[in-house]
Amino acid sequence: MLTTALLIAALILLAACVRLRVQGDRDQWARDVQANGVAGLRIATYNTSLNDDRANGLIERLERGDANARKVAAVLQRVRPDIVLLNEFDYDDAHRAADLFQQRYLGVAQPGGGNALTYAYRYLAPVNTGVPSGFDLDRNGVVGGEGRSAGNDSWGFGLHPGQYGMLVLSRYPIDTNDVRTFQHFLWKNLPNARAPRDPKTDEAWYSAAAWAKFPLSSKSHWDVPIRTPLGRIHVLAAHPTPPVFDGPENRNGLRNYDEIRLWSEYLSPGAKPWLCDDRGRCGGLAQDASFVILGDHNADPVDGDGEPGAILQIVSHPRVNNAVAPTSEGGPERAAQYGIARKGNIAQHTGDFGPQAGTLRLDYVLPSKDLPVRSGGIFWPKQGQPGSELLDASDHHLVWLDIGPR
């Protein structure tokens, strides 16, 4: 747990972050790069909400034409990131959904978007969401069952394997042989794991048999090395579980905290023989490696229902360049409409969850300190501005940073 002093210091730092242009002026970014005679990268994360409760449901929607997918593609065509992580993009073994999205959506100029956009490289892999555990994880007396009950007893909430998956798209080559995945890393193997307990009895919430097999990651954690003009950059991609939809045992809140902590451990020095990936390779990221942490981490620095200090484990990590926090104009406008009191900077909010839950900062692009940040933003225009018609495609908004030369 972070100390009170560290929390206060981190919040002061977050409040000091600069405000940046927000509407995805990729042409201006390209002109800036060309004028300075240096290479640059635009790196983004976007929870697309392109998921379906039916197995292969997303494929069917993309085949017949999907309005939300067109809007997601239009946002990407406007911002035109060089590297982007898409959260909540359903995984299928044949990669059919990814093929369709590239060919029929990104590869075609969309209304409200820009020119066709092609990514020559991508990475996707299985996730834990929707994979039946065989245990009564929510302790409702039934293993599996129907609807949400079945999802609650999966290793990550989902109604079929692959729901809420992840997809990395890149203009630059991915070193696929060096990718590390932590889909099967066991929660119990994380030192000082925050295992949930029954508040009535103080006994372990999960049975010994379930805990012995319980993966930490609700989807997966990926280290995807990409060969860019700025050198090799490790994309650290994840989508921790929301810290809600549980009970007083707080099983999802504790898991969210530890899912985020995995990246903090991965970046910190030390041998870490316990930190082994799905291929049996152990240890964290080399201390001289460049990286960018991407994803919907379902944790706001100061607001919302997450465990205190959860996201600060990486936002305030000594290796992370947190000097720039992207902002938007549309976020404060929407937050003002809801009128929910917030402690944090509403201009940095990335998600819109309606009048009951309000807006929060949940999506992050966090580069290593050796990667200087030029600018960035959140694609969240104000109502009536160009691009605002695309915002209802997802309850999250795309976040990007422009990385300059080393």
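Just above, that's the structure.
Residues numbered from 1 in each chain as written. Predicted model: local features only at pLDDT ≥ 70, side-chain atom pairs only at ≥ 80, totals over all residues. Heavy atoms only, no water.

(A) Quick look at the state of the cysteines. Scanning all chains against the criterion turns up one disulfide. Sulfur-sulfur distance for the disulfide between Cys276 and Cys282 comes to 1.9 Å. As the torsion about the S-S bond is roughly 100°, the Cys276-Cys282 disulfide counts as right-handed. (Disulfide = S-S within 2.5 Å.)

(B) Spatial organisation of the sheet that holds strand S12 (residues 373-378). As summarised here, the arrangement of the six strands in space is S3-S4-S2-S1-S13-S12, forming an open sheet in which the pairing is mixed. Among the strands making up the open sheet, the edge pair consists of strand S3 (121-123) and S12. Ignoring strand direction, the axes of neighbouring strands in this sheet form an average angle of 15°. Pairing analysis gives five bridges linking strand S2 (residues 83-89) to strand S4 (residues 166-170), with the strands arranged antiparallel. Directly across from Leu85, in S4, lies its bridge partner Val168. Set on the sheet, helix H4 (residues 67-79) makes contact with strand S1 (41-50), S2 and strand S13 (399-403); between it and S1 the angle comes to about 170°. Relative to S2, helix H5 (residues 96-106) is tilted by about 120°, and along the sheet it contacts S1, S2, S3 and S4. (Pairing = 2+ DSSP bridges. Helix = DSSP H or I, 4+ residues; strand = E, 2+ residues; numbered from the N terminus. Axes fitted to C-alpha atoms, helices over the stretch in contact; angles between N-to-C directions. Contact = heavy atoms within 4.5 Å.)

(C) Main features of the packing of aromatic side chains. By the definition in use, this model includes 13 aromatic pairs. Ring centres 5.0 Å apart and planes at 70° place the aromatic pair Trp155 and Phe214 in the edge-to-face group. Separated by 59 residues along the polypeptide, Trp155 in the loop between helix H6 (148-152) and S4 and Phe214 in the loop between helix H7 (208-213) and strand S6 (221-228) bring together distant segments of the chain. Phe214 carries the same exposure label as Trp155, and that label is buried. Through pairs of rings, three or more aromatic residues link up here, namely Phe135, Trp155, Trp187, Tyr206, Trp211 and Phe214. A cation over a ring is seen here: Arg139 above Trp205, with NZ or CZ 4.1 Å from the ring centre. Over the ring of Tyr257 we find Arg194, and its NZ or CZ is 4.2 Å from the ring centre. (Phe/Tyr/Trp six-rings, centres within 6.5 Å; stacked < 30°, edge-to-face > 60°. Buried < 20%, exposed > 50% of the residue type's maximum accessible area, 1.4 Å probe, protein only. Lys NZ or Arg CZ within 6 Å of the ring centre and 35° of its normal.)

(D) Summary view of the sheet that holds strand S7 (residues 231-238). Taken in spatial order, the five strands line up as S5-S6-S7-S8-S11 in an open sheet, and their pairing is mixed. The sheet terminates laterally at strand S5 (180-181) and strand S11 (363-367), the two strands that pair on one side only. As defined by bridge partners, S6 adjoins S7 across eight bridges and the pair is classed as antiparallel. Bridge assignment links Ile226 to a residue of S7, and that residue is Ile233. Sheet strands touched by helix H8 (residues 251-267): S5, S6, S7 and strand S8 (290-296). Its angle to S6, the strand with the most contacts, is close to 50°.

(E) Quick peek at the layout of surface pockets. The volume enclosed by the largest pocket comes to roughly 840 Å³. Lining the largest pocket are 41 residues, and of these Thr241, Pro242, Val244, Phe245 and Asn298 sit closest to its centre. The set of elements that each furnish at least two residues to the lining of the largest pocket consists of S1, H6 and H8. Of the residues contributing to the lining of the largest pocket, the split by class is 15 nonpolar, 15 polar and eleven charged. (1 Å grid on protein atoms, 1.4 Å probe; cavity = no way out; pocket = protein on both sides within 12 Å on 5 of 7 lines; lining within 4 Å. Points joined across faces, edges and corners; volume = space filled by probe spheres on them. Nonpolar A, V, L, I, M, F, W, Y, C, P; charged D, E, K, R; others polar.)

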